[in-house]
Amino acid sequence: MRYFVLSDIHGSAYYVNLAIEAYRKSGCERILLLGDVLYHGPRNPLPKDYAPKEVIALLNPLKEEILAVRGNCEAEVDQMVLDFPVMADYAFLEWGKHRVFLSHGHVYNAENFPLQKDGDIFLQGHTHVPVAMKKTRGEKYYYHLNPGSISYPKEDSPHSYGILEDNSFTLYNVETGEAYNKIEF
């Protein structure tokens with residue numbers, strides 16, 4: 001199973017269009033959507049082509065392919081217009097020999113998630129900074145992965161997404177399609 005990992009859309013129809021195009025070309029079977037789908041948030045300026053209704057129209061046809069978690073900008077009204085669940089604070093995936101813990105990152109973070117065994121994967125958004133690294137917590141190690149933000153990248157990172165496949169996670173620039181960081185498990 002290959003997963004297309006996306007976070008922090010913040011209502012940008014422009015970047016959702018680029019992401020969906022990349023998803024269709026990627027051969028991925030599912031989208032892992034790590035929150036902050038429709039609203040730009042009170043601290044952010046409007047993103048390029050801010051059009052939440054258009055984002056809804058683009059994502060709802062993919063409802064059977066999306067597993068989403070709630071971001072800090074999600075509200076109950078968002079669930080009323082999206083055809084896939086977006087209100088869970090976290091989700092788990094059993095993926096080969098790895099357990100994947102998905103969270104937006106505002107409630108659960110790299111130091112606050114239920115690490116169970118060596119090799120667990122923590123997948124989050126929220127920071128708008130892409131991450132692909134092996135970390136330790138106590139006696140155990142885990143993989144900390146963040147696709148960055150498709151709409152509002154920070155710390156000079158590109159508008160990005162990730163692909164979780166086989167035994168690796170790769171970060172991609174959504175505007176150029178180029179891979180720029182990869183970690184193998």
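Relevant structure appears above.
Counting of residues starts from 1 at the beginning of each chain's written sequence and follows it residue by residue. For this predicted model, a pLDDT threshold of at least 70 governs which residues receive local features, and a threshold of 80 or more governs which side-chain atom pairs are given and counted, while totals over whole chains, interfaces and linings are taken from all residues. Heavy atoms from the whole structure form the basis of all side-chain values; hydrogens and water molecules are not counted.

Here we come to the packing of helix α1 (residues 13-26) against helix α2 (residues 52-59). With their axes 9 Å apart at the nearest point, α1 and α2 run at an angle of 15 degrees to one another. Between α1 and α2, the crossing angle belongs to the class labelled roughly parallel. Crossing of α1 against α2: the hand is left-handed. Of the residues in α2, those touching α1 at A13, V16, N17 and I20 are E54, V55, L58 and L59. In this analysis an axis means a line fitted to C-alpha atoms, helices contributing only their contacting stretch, and an angle means the value between N-to-C directions, from 0 to 180 degrees. Under the scheme used here, helices are H or I runs from DSSP no shorter than 4 residues and strands are E runs no shorter than 2 residues, and both carry numbers assigned from the N terminus. Between 65 and 115 degrees an angle is taken as roughly perpendicular, under 35 as roughly parallel, over 145 as roughly antiparallel, and anywhere else as oblique. Two helices that cross are described as forming a left-handed crossing if the nearer one is turned anticlockwise from the farther one by less than a right angle, and a right-handed crossing if clockwise. Contact criterion: two residues are considered in contact whenever any of their non-hydrogen atoms come within 4.5 Å of each other.

Turning our eyes to something else, we now look at the environment of Y23. For Y23, the position within the fold is in helix α1. In this structure the C-alpha to C-alpha distance between Y23 and I163, which are 140 residues apart in sequence, comes to 9.3 Å.

Think of it this way: DSSP has to see at least two bridges between two strands before they count as a pair. Across seven bridges, the pairing between strand β7 (residues 131-137) and strand β8 (residues 140-146) is antiparallel. Each bridged residue has a counterpart across the sheet, and for M133 the counterpart in β8 is H144. The hairpin turn running from β7 into β8, its antiparallel successor, is two residues long, and G138 in that turn takes a positive phi close to 65 degrees.

Under the convention used throughout, the expected extent of a helix is 1.5 Å for every residue step, that is, one less than its residue count. An ideal rise of 1.5 Å per residue puts 20 Å on 14 residues; α1 measures up with 20 Å between its terminal C-alpha atoms. Those residues of α1 that sit buried are A13, Y15, V16, L18, A19, I20, A22, Y23 and S26. On its buried side, α1 packs onto β1 (3-6), β2 (30-33), α2 and β9 (160-165). Directly beyond the C-terminal end of α1, a positive phi value near 80 degrees is found at G27. Each residue is placed in one exposure class: buried if its accessible area under a 1.4 Å probe, protein chains only, is under 20% of its type's maximum, exposed if it is over 50%, and partly exposed if it falls in between.

Here we take up the nonpolar core. One finds F4, I9, L33, L59 and Y161 to be the most contacted residues of the largest nonpolar core, which totals 30 residues. Listing elements by their share of this core, those giving two or more residues are β1, α1, β2, α2, β3 (66-68) and β9. With eight residues, α1 is the single largest residue contributor to this core. Of all hydrophobic cores here, the second largest spans 20 residues; its members include A91, L102, A132 and Y143. What we call a nonpolar core is a set of buried Ala, Val, Leu, Ile, Met, Phe, Trp, Tyr and Cys residues that are connected through their side-chain atoms within 4.5 Å.

This part is about the sheet that holds β7. What the five strands build is an open sheet, ordered β4-β5-β6-β8-β7; its pairing is mixed. Both edges of this open sheet fall to β4 (90-95) and β7, since each of them pairs with a single strand only. On average, each strand axis in the sheet is tilted by 25 degrees relative to the strand beside it, whichever way the strands run.

A separate point is the pattern of salt bridges. Any Lys or Arg side-chain nitrogen found within 4 Å of a carboxyl oxygen on Asp or Glu counts as a salt bridge. Tallying each qualifying case throughout the model produces five salt bridges. Put simply, E165 and R2 hold a salt bridge, and the shortest N to O gap is 2.7 Å. Here E165, found in strand β9, pairs with R2, found in the segment before β1; they are 163 residues apart in sequence, far enough to count as distant. Take E165: its relative accessible area is 14%, and that puts it in the buried class. Here R2 falls in the partly exposed class, since its relative accessible area comes to 22%. Here K25 makes a salt bridge to E21, at a shortest N to O gap of 3.2 Å. On the criterion of helical spacing, the pair formed by K25 and E21 is a turn pair, its members being four residues apart in helix α1.

With that out of the way, let us pick up the environment of Y14. Position of Y14 among the secondary structure elements: in helix α1. In contact with Y14, other than residues within four places in its own chain, are K48 and D49.

On their own, these measurements won't tell you what the molecule is for.
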